[in-house]
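# Topology and contacts: notes
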Amino acid sequence: RKEVEQDPGPFNVPEGATVAFNCTYSNSASQSFFWYRQDCRKEPKLLMSVYSSGNEDGRFTAQLNRASQYISLLIRDSKLSDSATYLCVVNTNAGKSTFGDGTTLTVKP
Amino acid sequence: DTGVSQDPRHKITKRGQNVTFRCDPISEHNRLYWYRQTLGQGPEFLTYFQNEAQLEKSRLLSDRFSAERPKGSFSTLEIQRTEQGDSAMYLCASSGRGNENSPLHFGNGTRLTVT
């Protein structure tokens, strides 16, 4: 079993739709959590950190459930420019970052 | 802009040859990471450094792979006796000083093709 598992996707949604991605992690000692975005043939870039109380950044909302070892990302009012692969990332207390395999989103006009 | 830089961007080599990649992290960052990524997969952890100390190396990494960060600044990743299965994008990332949970900042990667 992988340390970080994500919905395999792909997700194909129309513009304006709301879409949610899920991620589970196996290491209960994990300390911090992130969502990264990766465009085709580009490097991953930080989208947002995920805080225990949940956090929002514009159209993006991240949630963390430590008891269930589950992280989510919600995108509201999807834009064409949101098309990308979304990577869930989990850090241990030693600072090592483990990535999921990503979920691919395609937003269509 | 003094982001993470990697060199070369692309490397084509024949099976059995040795290759070396370089990474220059963001100057104030003390942690440096190497990842490998193949199509359809997320970045796979290879190794990471805090300053010049190598803190962890993936058990999946064979003895053909070695990484150094001799002065706690730039790092090199060497692959000896390359195999076709080594073909991948090799990503370097760095993270900030004083916070073990800082997010990673990636370079553009080095794409390796082994023929």
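The rules behind each value
Residues numbered from 1 in each chain as written. Chains lettered and ligands numbered in written order. Predicted model: local features only at pLDDT ≥ 70, side-chain atom pairs only at ≥ 80, totals over all residues. Heavy atoms only, no water. Helix = DSSP H or I, 4+ residues; strand = E, 2+ residues; numbered from the N terminus. Contact = heavy atoms within 4.5 Å. Areas by Shrake-Rupley, 256 points an atom, 1.4 Å probe, with all protein chains shown as cover. Lys, Arg positive; Asp, Glu negative; His and termini not counted. Charge placed at Lys NZ, Arg CZ, Asp CG, Glu CD. Buried area = accessible area lost by both parts, 1.4 Å probe. Salt bridge = Lys/Arg side-chain N within 4 Å of Asp/Glu carboxyl O. Core = buried A, V, L, I, M, F, W, Y, C linked by side-chain atoms within 4.5 Å. Buried < 20%, exposed > 50% of the residue type's maximum accessible area, 1.4 Å probe, protein only. pLDDT = per-residue confidence, 0-100. Polar contact = N/O pair within 3.5 Å; in protein donor to acceptor, adjacent residues only side chain to side chain.

A word on the overall build of chain B. Counting secondary structure elements, chain B contains zero helices and eleven strands. Each helix (α) and strand (β) of chain B, taken in turn from the N terminus, gives the series β-β-β-β-β-β-β-β-β-β-β. Projected onto its principal axes, the C-alpha coordinates of chain B cover approximately 40 × 30 × 25 Å. Taking all contacts inside chain B whose residues are at least 6 apart in sequence as the whole, residues at least 24 apart take part in 54%. Within the structure as shown, chain B displays about 5900 Å² of accessible surface, and the carbon and sulfur contribution to it stands at 43%. Charge-centre separation for chain B: the mean point of 15 positive side chains lies 5 Å from the mean point of 13 negative side chains.

This next bit is on the interface of chain B and chain A. Interfaces are frequently sized by the accessible area removed from exposure as the parts join. Counting residues at the interface gives 21 residues for chain B and 21 residues for chain A. Interface area, chain B with chain A, both sides summed: about 1600 Å², of which 47% is carbon and sulfur. Where chain B touches chain A, the interface holds one salt bridge. Notably, a salt bridge pairs Glu56(B) with Lys96(A), separated by 3.0 Å at the nearest N-O pair.

Turning our attention to the nonpolar core. Residues Phe21(A), Trp35(A), Ile71(A), Leu73(A), Ile75(A), Tyr86(A) and Leu105(A) are the most contacted members of the largest nonpolar core, which totals 23 residues. Where this core is concerned, the elements lending two or more residues are strand E3 (19-25), strand E4 (32-38), strand E5 (45-50), strand E7 (60-65), strand E8 (70-75), strand E9 (84-91) and strand E11 (103-108) of chain A. Setting aside its immediate chain neighbours within four residues, Leu105(A) contacts Phe11(A), Val13(A), Val19(A), Phe21(A), Ile75(A), Asp82(A), Ser83(A), Ala84(A) and Tyr86(A). The next biggest cluster of nonpolar side chains, apart from the first, holds 19 residues, and it includes Cys23(B), Phe65(B), Leu77(B) and Cys92(B).

For chain A, mean pLDDT is 94; residues scoring 70 or higher make up 100% of the total. Looking across chain A, the model is least confident in strand E10 (residues 97-99) of chain A, with a mean pLDDT of 93, and most confident in E11(A), with 97.

Turning our eyes to something else, we now look at unusual backbone geometry. Glycine aside, the phi torsion of most residues is negative, and most peptide linkages are trans. The residue after Asp7(B), namely Pro8(B), is reached through a cis peptide bond having omega -5°. Mapped onto the secondary structure, Pro8(B) falls in the loop between strand E1 (5-7) and strand E2 (10-13). Here Gln69(A), not a glycine, exhibits a phi torsion of approximately 55°, which is positive. In this fold, Gln69(A) is placed in the loop between E7 and E8. Taking relative accessible area as the criterion, Gln69(A) reaches 18% and is therefore assigned buried. Positive phi outside glycine occurs at Asn51(B), with the angle close to 55°.

Per the stated rule, a full pass over the model turns up ten salt bridges over all chains. Across the pair Lys2(A) and Asp101(A) runs a salt bridge whose closest N-O atoms are separated by 2.7 Å. Residue Lys2(A) is located in the segment before strand E1 (4-6), and its partner Asp101(A) is located in the loop between E10 and E11; the two are separated by 99 residues in the primary sequence. In this structure, Arg36(B) engages Glu44(B) in a salt bridge whose closest nitrogen and oxygen atoms are separated by 3.2 Å. Owing to a relative accessible area of 14%, Arg36(B) belongs among the buried residues under this scheme. In this structure, a network of salt bridges that share partners links the residues Arg64(B), Glu83(B) and Asp86(B).

All names here are of chain A. You can see threonine 103 is positioned in strand E11. Looking at threonine 103, the relative accessible area reads 0%, which means it is buried. A polar atom in the side chain of threonine 103 sits 2.6 Å from the backbone oxygen of aspartate 7. Leave out the neighbours within four places in its chain, and threonine 103 touches Gln6, Asp7, Gly9, Phe11, Phe21, Ala84, Thr85 and Tyr86.

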